[in-house]
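For reference, the chains in residue letters:
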Amino acid sequence: SLRVMAALERALRAAAAELCQAAEGAAAALGAVRAALAEAGGPAALGERERALYGAFLRGLARAPPAARPEGLWQSCFLEGPPGLALGALLEALASPGPNIRLGEVVAVLEQFLQEGQISALMWDVCQQQAQAGSPELQEALLNKVVCLPDHVSNKLQGNPPPVFFPQNYFPFLGGAIIQVLQKISESLRGGLDCSISFVSHVLGKVCVQGRQKEILSVLVPHLTDLTKSDCIWQRICWRLVECVPDRWMEAVVLGFVQTAPGADVLSRLLGNLVVKNKKAQFVVTQKVLLLQYGHTTAVLQNLLGYLSLDSLRRPLLIKVLQELLETWGSSSAVKHSPPEQQQYISKAILICLSHLKEPEIESCRQGLLTSMMEGVKCHLDSNLPQIRRLGMIVAESISSKINTDGPVLKFQVKVIMKFVSGVLRGNFKPKPVGNIQSLPWWEDFDDDLMPYDMSEDKELKTKAPVYIRDCIEGRRCKISVSVELAKILLHLEEKTCIEGFLELRQRAQVAVLTTDPIPVAKYLTSQFYALNYSLRQRMDILDVLVLAAQELSYPKSRGKTTRPGAQKPCIQPLPGSDSSKGWRRIVDERIKSKTRRFSQVELASGPNEFSSVAGHFFFPLIQHFDRPLTTFDLLGEDHFVLGRLVHTLATLMYLAVNTVAVTAMGKALLEFVWALRFHTDPYVRQGLLSCISSTLLSVPTECLLEDVTEELLETQSWLGGKMRGSICQRLSG
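Keep in mind the model is a prediction, meaning the values are calculated, not measured.

*Asks:* In this structure, what is going on with the overall build of the protein chain? I would like to understand it.
*Replies:* A tally of helices and strands in the protein chain yields 36 helices and two strands. Across the 734 residues that make up the protein chain, the buried fraction comes to 44%. In the protein chain, the share of contacts with a sequence separation of at least 24, taken over all contacts with a separation of at least 6, comes to 75%. For the protein chain, the exposed surface amounts to about 40200 Å²; the carbon and sulfur share of it is 55%.

Listed below in structure tokens is the structure:
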């Protein structure tokens, strides 16, 4: 062995001398080097001294004159020598070309270097050196060269490298090379030999952190999925591959595997208990992906949470994740300040976690789940955004059904809940909407047994017209009692028969009752707005009905009057006896008549403002008791969303009361109301206050504003001026 190494050393020194002199014996010298290397046993048999000599020889060969580099021979010296030394010499020549270096020749050798599998040979060589405590500095340099090879070539060739150096081609190729190295590691372990996988892990981590997870893992994951199905050694190799990734690159690798794995079971085979062993991976999986990011797909959430649920060592992390998700979901600050997309993302994660819980786990954290549900649903129902309120109801129903398997569960009137939940659990978050209820399969036989009544002999009942004053009084009393009773029934009516458009029909019926008998019904509805034992939804329904009825009463019921198309308009008649004028006038009129098109004209009829006499009954009861908190209703406290709706309702009623008798008193009361709430923190309420001011200025006559509402108007002007100055200063300082 010593003799062979001595012969190789002499051949290398002789070849280096020939290259320096550009002598004609270069071909023979290169041939001698190749023969001595083959006799020594190839690159793997070289020691540290021989490697140093071979590296110097390759650097000299890359810069030798063309005459000293016979075609075919000099390329073979690079392709047959130690791959790490060859790649370093080629990249050095590429980075600082001299007079004898042609970039095209160097790039061609690099391309051949890849095609002959020298990258996998390089990584395998380093893995064997690491098992023997090789130089960390040399390994770091090789890592940069392997991962950044496309950048080196592309930068030197000004963006026009061969296709094999395109990132979309190189990194899948590198993934295949990693599989080849892992195959050799598997064979080595089965043969009882030691080797290290650390360098391969570093290559994987550096590629992923540079944003090329998709390219390299699109090759790695399918191969590793097949290899780890029934082979425990391959499972251990795969686990060790990700465990040896440095912490600074761990996030990119873990996220890449989670996004690429076809299912949670595959992810469990590929990562093992990485989240238990590595704190960085645990932070990424349990904190960053779930609580600090929200752009991942439902499939990613299913992979991630399913992975946590598939091993007894990882299930405590699943419970911890669910508790932290519920804590965030139930935080009023998070609901108020985080975007709807993030809240939707957290809601999906909670639903998936719930689907993985087992009965003993539910039993152990039942009270905590109940507390989180109550706090979270309250925060969501307080939101101004309908989608946030719906998300709160969806998650609350899911938690309730999970913790109350035997008893009553929480139910909201939200038809999309089950479709939402099933869509999340199946990974299809946007299910197709259901059309007409009669198109559903179960509807066809729903009412087959119902027979219609025979109404052929029914007669129409006619009410006798009142004759005496007492009859009129009784009829009036009956009307009042019926209207209020009907309004009460409609206010408490619930949907129990799956009528399409039920909510709209109920609202239209309430508006019809209110417009038919405004004063007693308005008195009833405004009193119920501040009454006990009403839900926030019912109170907002009252406000909506009041606004819609006021709009209908304030606009006249117009009927169009159509004028006939042939109606003649007055015109100037010519003087009698003027024959000449008759001639030209007749000709002009006939021409005009033949070229004129006439249309019917609709004249809109005007009418009295029916809201004028009842505006006070709509307005003043609503504004009187806003500052009186009830047991279940506090406008100035937690129920600020309903306060915002009340403020906007008062603004609308004020606007519709234009030209009414009570408009001045209404404006004065409304400005005092605005003044009392001018420092409210909710932007929806403040927006409503501005609407109130605008409605007052539009509806109250100018002379009344200046005479009767002067003090309130000046206070409002001062407040608005201060707000504007503060806003300007804030923008300038920003």
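*Asks:* Looking at this structure, I do not really get the pattern of salt bridges. What am I missing?
*Replies:* Side-chain pairs of opposite charge can arise where the charged atoms are in close proximity. One pass over the full model with this rule turns up 18 salt bridges. A salt bridge links Lys277 to Glu243, with the nearest nitrogen and oxygen atoms 3.0 Å apart. Placement of Lys277 in helix H16 (residues 274-277) and of Glu243 in helix H13 (residues 232-243) is noted, with a sequence separation of 34 residues between them. When its relative accessible area of 56% is taken as the criterion, Lys277 is described as exposed. Across the pair Arg315 and Glu361 runs a salt bridge, and its minimum N-O distance is 2.7 Å. Remark: Glu361 occurs in helix H22 (residues 359-364) and Arg315 occurs in helix H19 (residues 315-329); sequence separation between them is 46 residues. For Glu361, a relative accessible area of 16% translates into the label buried. Through salt bridges with shared partners, a single network forms among Arg506, Arg537, Asp541, Asp544 and Arg645.

*Asks:* Help me understand helix H8 (residues 136-147) in this model?
*Replies:* For an α-helix, 3.6 residues make a turn, and residues three or four places apart therefore share a direction. The end-to-end C-alpha separation of H8 is 16 Å, in line with the 16 Å expected for twelve residues at 1.5 Å each. Those residues of H8 lying buried are Gln139, Leu142, Leu143, Val146 and Val147. Down the axis of H8, the sector holding all buried residues measures 120°, keeping them to one side.

*Asks:* Teacher, can you tell me more about the packing of helix H21 (residues 340-356) against helix H24 (residues 386-403) here?
*Replies:* Think of two packed helices as two axes; the pair is described by the angle between the axes and how far apart they sit. In the contact formed by H21 and H24, the axes pass within 10 Å of each other and the chain directions differ by 10°. Taken together, H21 and H24 sit at an angle that is classed as roughly parallel. Within the contact between the two elements, H21 uses Pro340, Gln343, Gln344, Ser347, Ile350, Leu351, Leu354 and Ser355 and H24 uses Gln387, Ile388, Leu391, Ile394, Val395, Ser398, Ile399 and Lys402. Broken down by class, the residue content of the contact of H21 with H24 amounts to nine nonpolar, six polar and one charged.

*Asks:* It is not clear to me how empty space enclosed by the protein should be interpreted in this structure. Could you clarify?
*Replies:* Summed over the entire model, instances satisfying the criterion amount to one cavity of 30 Å³ or more. Reported here for the largest cavity is a volume of approximately 30 Å³. In this structure, the largest cavity is lined by Ala487, Gln510, Val513, Val521, Leu525 and Val545.

*Asks:* What should I look at first to understand the nonpolar core in this one?
*Replies:* One recurring pattern in soluble globular proteins: nonpolar side chains tend to sit buried together. Grouped together as the largest cluster of nonpolar side chains are 136 residues, with contacts concentrated most on Phe57, Phe78, Leu174, Leu182 and Phe257. Top element by residues in this core is helix H10 (residues 167-190). It accounts for nine residues. With near-sequence residues (within four places) excluded, Phe257 lies in contact with Leu204, Leu217, Val221, Val242, Leu267, Leu270 and Leu271. Core analysis: the next-biggest nonpolar cluster, separate from the first, contains 59 residues, Leu514, Val545, Leu546 and Val700 among them.

*Asks:* What am I meant to see in the packing of aromatic side chains here?
*Replies:* In this description, an aromatic ring pair is defined by two values, namely the gap between the centres and the angle between the planes. Going through the model one piece at a time under the given rule, you end up with eight aromatic pairs. Note on Tyr54 and Phe57: the rings are 5.6 Å apart at their centroids and 75° apart in plane angle, and the pair reads as edge-to-face. A residue pair is termed a helical-turn pair when its members lie 3 or 4 positions apart in one helix, as Tyr54 and Phe57 do in helix H3 (residues 48-63) at three residues. Here Tyr54 and Phe57 have matching classes, each one buried. When the ring of Trp74 is compared with that of Phe78, the centres are 5.9 Å apart and the planes differ by 90°; the resulting orientation is edge-to-face. Of this pair, Trp74 and Phe78 both sit in helix H4 (residues 73-80), four residues apart, which is roughly one turn of the helix. On the basis of relative accessible area, Phe78 is assigned to the buried category, the value being 0%. Clustering of aromatic rings is evident, with ring pairs tying together Tyr170, Phe171 and Phe173. The lysine or arginine in question, Arg248, covers the ring of Trp249, its NZ or CZ lying 4.2 Å from the ring centre.

*Asks:* Hey, could you run me through the side chain of Ser383 in this one?
*Replies:* Residue placement: Ser383 occurs in the loop between helix H23 (366-381) and H24. Setting aside residues no more than four positions away along its own chain, Ser383 makes contact with Val335, Ile388, Arg389 and Phe641.

*Asks:* Looking at this model, I keep getting lost on a nonpolar patch on the surface. Mind explaining?
*Replies:* A surface patch of nonpolar side chains, amounting to about 370 Å² of accessible area, comprises Tyr555, Tyr655 and Leu698. Tracing the backbone shows Tyr555 in the loop between helix H29 (536-554) and strand S1 (560-562).

*Asks:* Hey, could you run me through the side chain of Asp682 in this one?
*Replies:* Structurally, the position occupied by Asp682 is in the loop between helix H33 (663-676) and helix H34 (683-699). With no salt bridge to any partner, buried Asp682 finds its closest opposite charge in Lys336, at an N-O distance of 5.8 Å. In this structure the side chain of Asp682 is engaged in a polar contact, spanning 2.9 Å, whose partner is the backbone nitrogen of Tyr684. What Asp682 contacts, discounting residues up to four positions off in sequence, is Asn384 and His640.

*Asks:* Explain the packing of helix H12 (residues 213-227) against helix H15 (residues 264-271) to me, please; I cannot follow it from the model alone.
*Replies:* For the pair H12 and H15, interaxial distance at closest approach is 10 Å and the crossing angle is 90°. Between H12 and H15, the interaxial angle falls into the category roughly perpendicular. Residue-level contacts link Val221, Leu224 and Thr225 of H12 to Val266, Arg269 and Leu270 of H15. Looking at the contact of H12 with H15 residue by residue, the classes come out as four nonpolar, one polar and one charged.

Rules and cut-offs
- Residues numbered from 1 in each chain as written.
- Predicted model: local features only at pLDDT ≥ 70, side-chain atom pairs only at ≥ 80, totals over all residues.
- Heavy atoms only, no water.
- Helix = DSSP H or I, 4+ residues; strand = E, 2+ residues; numbered from the N terminus.
- Buried < 20%, exposed > 50% of the residue type's maximum accessible area, 1.4 Å probe, protein only.
- Contact = heavy atoms within 4.5 Å.
- Areas by Shrake-Rupley, 256 points an atom, 1.4 Å probe, with all protein chains shown as cover.
- Salt bridge = Lys/Arg side-chain N within 4 Å of Asp/Glu carboxyl O.
- Expected span 1.5 Å × (residues − 1).
- Arc of directions from axis to C-beta.
- Axes fitted to C-alpha atoms, helices over the stretch in contact; angles between N-to-C directions.
- Parallel < 35°, antiparallel > 145°, perpendicular 65-115°, else oblique.
- Nonpolar A, V, L, I, M, F, W, Y, C, P; charged D, E, K, R; others polar.
- 1 Å grid on protein atoms, 1.4 Å probe; cavity = no way out; pocket = protein on both sides within 12 Å on 5 of 7 lines; lining within 4 Å.
- Points joined across faces, edges and corners; volume = space filled by probe spheres on them.
- Core = buried A, V, L, I, M, F, W, Y, C linked by side-chain atoms within 4.5 Å.
- Phe/Tyr/Trp six-rings, centres within 6.5 Å; stacked < 30°, edge-to-face > 60°.
- Lys NZ or Arg CZ within 6 Å of the ring centre and 35° of its normal.
- Patch = residues over 30% accessible without salt bridge, like charges linked within 9 Å, V, L, I, M, F, W, Y side chains within 5 Å.
- Lys, Arg positive; Asp, Glu negative; His and termini not counted.
- Polar contact = N/O pair within 3.5 Å; in protein donor to acceptor, adjacent residues only side chain to side chain.

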